[in-house]
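Below are the chains, spelled out letter by letter.
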Amino acid sequence: MTETSTPPFRYTDAPGHPGWMRWELADSTRFNSLFGPFLIKVEDRIARVRMTPGHLHSNLSNAVHGGALLGFVDMALFAASRGFGLIEAGTAVTLDLSTQFIGRAVVDVPVEAQVELLRETGRLLFLRGLVVQGEGDSAETILAFAGTIRKPSQKTGAGS
């Protein structure tokens, strides 16, 4: 791994979204960029991580592909951990990710991962949450998840 002067992720205020942060990969040629920038807001110990799936994320039924949702959830764990102030960007890794599909997500409507930190140890973050689509009482639960992240060592960077 080579040392760069540019951080791999940008974490800035989200224009047009008061109280939200924008989290995106600086290198648009990597996998994470397929999901576009995420919006992040931490409220009441829950990190809300949003993205809007498009046609690229759809399956032949014109619903959001399960693999796209899995990719979103994996990255939402890291975005939430950044929102909680536990990691920045770099070399943290997913140790496990468990999901239960509950509903169907449609394209062109934001999906939101609502991520809760269950426990932090010296090297690990234990998280769980739901992915929902829609607002308020009309929000539909798309899937439930739980995951564990290993934080980077001091030698390798500040987390991803």
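Just so you know, these numbers come straight off a predicted model, no measurement behind them. (Residues numbered from 1 in each chain as written. Predicted model: local features only at pLDDT ≥ 70, side-chain atom pairs only at ≥ 80, totals over all residues. Heavy atoms only, no water.)

Caption draft 1: Broad picture of the sheet that holds strand β4 (residues 46–51). As summarised here, the arrangement of the 8 strands in space is β1-β2-β3-β4-β6-β7-β8-β5, forming an open sheet in which the pairing is antiparallel. Each having just a single partner strand, β1 (9–13) and β5 (93–101) make up the two edges of the open sheet. This sheet shows a mean twist of 25° between the axes of neighbouring strands, independent of strand direction. When β1 meets strand β2 (residues 21–25), the two strands line up antiparallel, connected through 5 bridges. In the strand pairing of β2, Arg10 is matched with Glu24. Along the sheet, helix α1 (residues 66–83) makes contact with β1, β2, β3 (38–43), β4, β5, β6 (111–120), β7 (124–133) and β8 (140–150), crossing β5 at roughly 125°. (Pairing = 2+ DSSP bridges. Helix = DSSP H or I, 4+ residues; strand = E, 2+ residues; numbered from the N terminus. Axes fitted to C-alpha atoms, helices over the stretch in contact; angles between N-to-C directions. Contact = heavy atoms within 4.5 Å.)

Caption draft 2: The nonpolar core, seen in detail. In this structure, Phe38, Val49, Phe72, Ala113, Val115, Val131 and Phe145 are the most contacted members of the largest nonpolar core, which totals 34 residues. Contributions of two or more residues to this core are made by β2, β3, β4, α1, β6, β7 and β8. Broken down by element, this core gets its largest block of residues, 10 residues, from α1. (Core = buried A, V, L, I, M, F, W, Y, C linked by side-chain atoms within 4.5 Å. Buried < 20%, exposed > 50% of the residue type's maximum accessible area, 1.4 Å probe, protein only.)

Caption draft 3: Fine view of the packing of aromatic side chains. Taken as a whole and assessed by the stated rule, the structure comprises 1 aromatic pair. Aromatic pair Phe38 and Phe72: ring centres 5.4 Å apart, planes at 90°, arrangement edge-to-face. Of this pair, Phe38 sits in strand β3 while Phe72 is found in helix α1, placing the two residues 34 residues apart along the sequence. Neither residue differs from the other here; Phe38 and Phe72 are each classed as buried. (Phe/Tyr/Trp six-rings, centres within 6.5 Å; stacked < 30°, edge-to-face > 60°.)

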